[in-house]
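Structural features, examined
Each chain is listed here by its residues.
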Amino acid sequence: MLHISTRGQTPPVHEANAICMGLPLDGGLFAPEKLPPMPEELFCEARAYHDLAAKVLSLLFGRLGDLGEITQSAYSRFSKDNPAPLVAEPDGAFTLELFHGPTRAFKDMALQVLPGLMERARLQSGQTKKICILTATSGDTGKAALEAFAGRPGCAILVFFPQNGTSEVQEKQMTTQEGANVGVCALEGNFDDAQTGVKRLFTDTSFHLGMSSRGYMLSAANSVNIGRLAPQVVYYVHAYATLVDKGFIKAGDQINFCVPTGNFGNILAGLYAKHMGLPIGRLICASNRNRVLTDLLTTGRYSLNREFYTTYSPSMDILISSNFERALFLLSGNDVELTTRLMTELRTKRSFEMSDALFASFCEHFSAYTCNDEETLAEIGESFKSTGKMFDPHTAVARKCLRDYQRETGDTRLCVTLATADPYKFPETMLKALGRPSEENGFAAMISLSEFTNTPIPAALKSTMTKPVRFFNVTAPEMIREAAMEMVDCL
Ligand SMILES: *Cc1c(COP(=O)(O)O)cnc(C)c1O
């Protein structure tokens with residue numbers, strides 16, 4: 001299968017090149033030329049997660065050969081045998097828990113697989129340079145990428161995070177990262193500034209040359225990399241197969257998914273799964289107060305002329321959702337002119353408007369709702385009070401949005417909510433939601449949360465409390481190139 005750029009200015013490449021490069025040089029994103037159909041047995045029969053992952057990934061990356069060893073080793077680092085357990089909640093809801101990986105956020109689901117895919121791709125494409133992963137993070141991607149790539153031969157990783165845009169626990173997870181091939185740097189500004197800065201580095205020829213003379217080629221571990229997106233298709237399929245296996249649905253029944261959304265990667269994987277043949281009805285896009293996607297998917301107009309808010313669900317504090325470009329591309333029938341025009345308008349005029357026909361095809365698949373901070377706290381508090389279960393703020397946003405959707409539409413199809421983080425990653429917010437006094441720092445808050453709810457602090461987060469901070473750098477966005485070079489020279 002070939003992967004093509006959504007802007008059409010880069011020749012089509014095989015998966016190995018798409019994964020190694022991360023981003024095409026024309027400013028677009030790599031997307032499969034045509035999504036392959038999925039054999040029905042994949043979503044109608046129960047099988048081990050790593051086994052299903054190898055099979056689904058082979059549909060998208062057939063030339064990489066058998067991926068069984070890669071997926072088996074990736075998912076052995078999770079704290080449960082099934083890395084993505086589907087939980088039937090006491091209140092009748094279904095939650096797909098995607099946070100049992102080493103960094104306790106759903107990013108592990110894909111990032112644990114990515115280094116293996118990249119190594120395979122690098123060998124296959126005859127690439128002799130080492131790969132340097134360059135990542136902007138709203139909190140969870142950074143740590144998950146560091147954890148995945150630290151100590152891997154043949155690669156290095158640099159992470160930029162917004163100075164005041166992550167929780168304290170998230171920041172500590174990154175700045176304490178061990179490994180000789182890692183660099184971490186805070187960036188003044190918010191996540192969009194970090195993401196824009198990193199995206200600019202990818203199209204900066206002199207930066208490429210500088211890295212090349214140091215023996216590196218650049219690549220991305222954000223969901224802009226197709227190798228990071230593809231493994232996310234797997235859990236939609238696995239959830240469906242589990243529901244069939246347990247008798248909650250019959251093979252072929254349509255179900256909905258509700259997805260707490262930021263960069264549009266997670267929910268886009270759902271759209272890919274649907275286009276590959278998984279019986280998905282609606283994809284419900286849940287946003288926090290930064291309701292840019294809610295407005296876009298209910299009006300057809302993307303507008304960046306709005307305020308940016310810092311919320312209790314920081315991994316969704318985004319105005320520029322990179323992967324929306326891939327959805328535009330897919331739902332316009334791979335129309336590179338249209339995709340280029342709309343994305344250029346977004347950059348130059350800070351807004352674009354979809355045609356009625358294009359908007360209609362989005363409405364066929366997506367619904368969108370929003371949940372503010374107050375509602376997020378109330379949702380967490382009420383769930384805990386009525387069932388004793390804690391949901392992290394991102395998952396709480398999705399649960400609230402799902403209830404709004406169901407009330408408004410009367411849609412009774414089974415819906416799975418994707419749970420994207422462990423509540424212990426956001427202990428201050430959890431305490432507030434549970435009506436407990438605040439603590440002086442994130443770690444004290446974890447302990448207090450643990451005592452109040454009588455639940456254990458996950459080992460992976462507990463160890464962060466005692467590790468020494470290794471990285472103290474802060475840089476201005478316009479100095480990102482210099483900061484990146486400096487970090488590479490220190491590796
Ligand atoms: C990254 C992240 C999201 C948003 O996912 P996208 O793929 O960027 O839409 C939601 N919740 C958590 C906890 C995350 O880490």
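Residues numbered from 1 in each chain as written. Predicted model: local features only at pLDDT ≥ 70, side-chain atom pairs only at ≥ 80, totals over all residues. Heavy atoms only, no water.

Spatially, S2-S1-S3 is the arrangement adopted by the 3 strands of the open sheet, whose pairing is antiparallel. Strands at the two margins of the open sheet, each flanked by one partner only, are strand S2 (13-14) and strand S3 (30-32). One ladder, built from 2 bridges, connects strand S1 (residues 2-5) with S2; its direction is antiparallel. Within S2, the residue paired with Leu2 across the bridge is His14. (Pairing = 2+ DSSP bridges. Helix = DSSP H or I, 4+ residues; strand = E, 2+ residues; numbered from the N terminus.)

You can see Lys107 is positioned in helix H5 (residues 107-111). One buried charged residue, Lys107, forms no salt bridge at all, with the nearest opposite charge on Asp140 at 4.7 Å. Ignoring any residue separated from it by four or fewer positions in sequence, one finds Lys107 in contact with Asp140, Thr141, Ala144 and Arg228. (Buried < 20%, exposed > 50% of the residue type's maximum accessible area, 1.4 Å probe, protein only. Lys, Arg positive; Asp, Glu negative; His and termini not counted. Salt bridge = Lys/Arg side-chain N within 4 Å of Asp/Glu carboxyl O. Contact = heavy atoms within 4.5 Å.)

In this section: the sheet that holds strand S11 (residues 280-287). Overall, mixed pairing links the 6 strands, which are arranged S4-S5-S15-S10-S11-S14 in an open sheet. Each edge of the open sheet carries a strand with a single partner, namely strand S4 (86-88) and strand S14 (366-370). Sheet twist, expressed as the mean angle between neighbouring strand axes with direction ignored, is 25 degrees. Inspection of the sheet shows strand S10 (residues 255-260) paired to strand S15 (residues 415-419) by 3 bridges, in the parallel sense. Along S15, the bridge assignment pairs Asn256 with Cys415. Sheet strands touched by helix H13 (residues 265-275): S10, S11, S14 and S15. Its angle to S11, the strand with the most contacts, is close to 170 degrees. (Axes fitted to C-alpha atoms, helices over the stretch in contact; angles between N-to-C directions.)

The next thing to look at is the site of the ligand. In the vicinity of the ligand there are 15 residues, among which Lys107, Asp140, Gly262, Asn263 and Asn266 approach most closely. Here an oxygen atom of the ligand and a backbone polar atom of Gly262 are 2.8 Å apart. Contacts to the ligand include Asn263, whose backbone N or O atom sits 2.8 Å from an oxygen atom. Protein contact buries 98% of the 380 Å² of open area that the ligand shows by itself. Here the ligand occupies the largest cavity. Across the shell around the ligand, the residue classes tally to 5 nonpolar, 8 polar and 2 charged. (Near = heavy atom within 4 Å. Polar contact = N/O pair within 3.5 Å; in protein donor to acceptor, adjacent residues only side chain to side chain. Areas by Shrake-Rupley, 256 points an atom, 1.4 Å probe, with all protein chains shown as cover. 1 Å grid on protein atoms, 1.4 Å probe; cavity = no way out; pocket = protein on both sides within 12 Å on 5 of 7 lines; lining within 4 Å. Sits in = over half its atoms within 2 Å of the grid points. Nonpolar A, V, L, I, M, F, W, Y, C, P; charged D, E, K, R; others polar.)

Further remarks concern the environment of Phe257. Along the chain, Phe257 turns up in strand S10. Expressed as a C-alpha distance, the spacing of Phe257 and Ala396, which sit 139 residues apart in the sequence, is 14 Å. Excluding residues within four positions of it along the chain, Phe257 makes contact with Tyr236, Ala239, Ile280, Arg282, Leu283, Ile284, Cys415, Val416 and Leu418.

Turning next to the layout of surface pockets. By volume, the largest pocket amounts to about 550 Å³. What lines the largest pocket is a set of 20 residues, among which Arg7, Thr196, Lys199, Ile320 and Arg347 lie closest to the centre. Where the lining of the largest pocket is concerned, the elements lending two or more residues are helix H9 (191-202) and helix H16 (336-349). Residue contributions to the lining of the largest pocket peak at 5 residues, all from H9. When grouped by side-chain class, the residues that make up the lining of the largest pocket number 7 nonpolar, 6 polar and 7 charged. Here the second largest pocket is characterised by a volume of approximately 420 Å³. Taken together, 24 residues make up the lining of the second largest pocket; nearest its centre are Phe99, His100, Arg104, Asp422 and Pro423. (Points joined across faces, edges and corners; volume = space filled by probe spheres on them.)

Moving on to H16. Between the first and last C-alpha of H16 there are 19 Å, a value that for 14 residues agrees with the 20 Å anticipated at 1.5 Å per step. Taken as a whole, H16 has its buried residues at Leu338, Thr339, Leu342, Met343, Glu345 and Leu346. On an axial view of H16, the arc spanned by its buried residues comes to 150 degrees, and they lie on one face. Set apart from the buried face of H16 by more than 90 degrees, the exposed residues are Glu337, Arg347 and Thr348. Its buried side turned inward, H16 meets strand S12 (301-303), helix H15 (324-331), strand S13 (351-353) and helix H17 (356-365). If you check the start of H16, you find a side-chain oxygen 3.2 Å away from the backbone N of Glu337, and it comes from Asp335. Immediately downstream of H16, the backbone of Arg350 shows phi near 60 degrees, a positive value. (Expected span 1.5 Å × (residues − 1). Arc of directions from axis to C-beta.)

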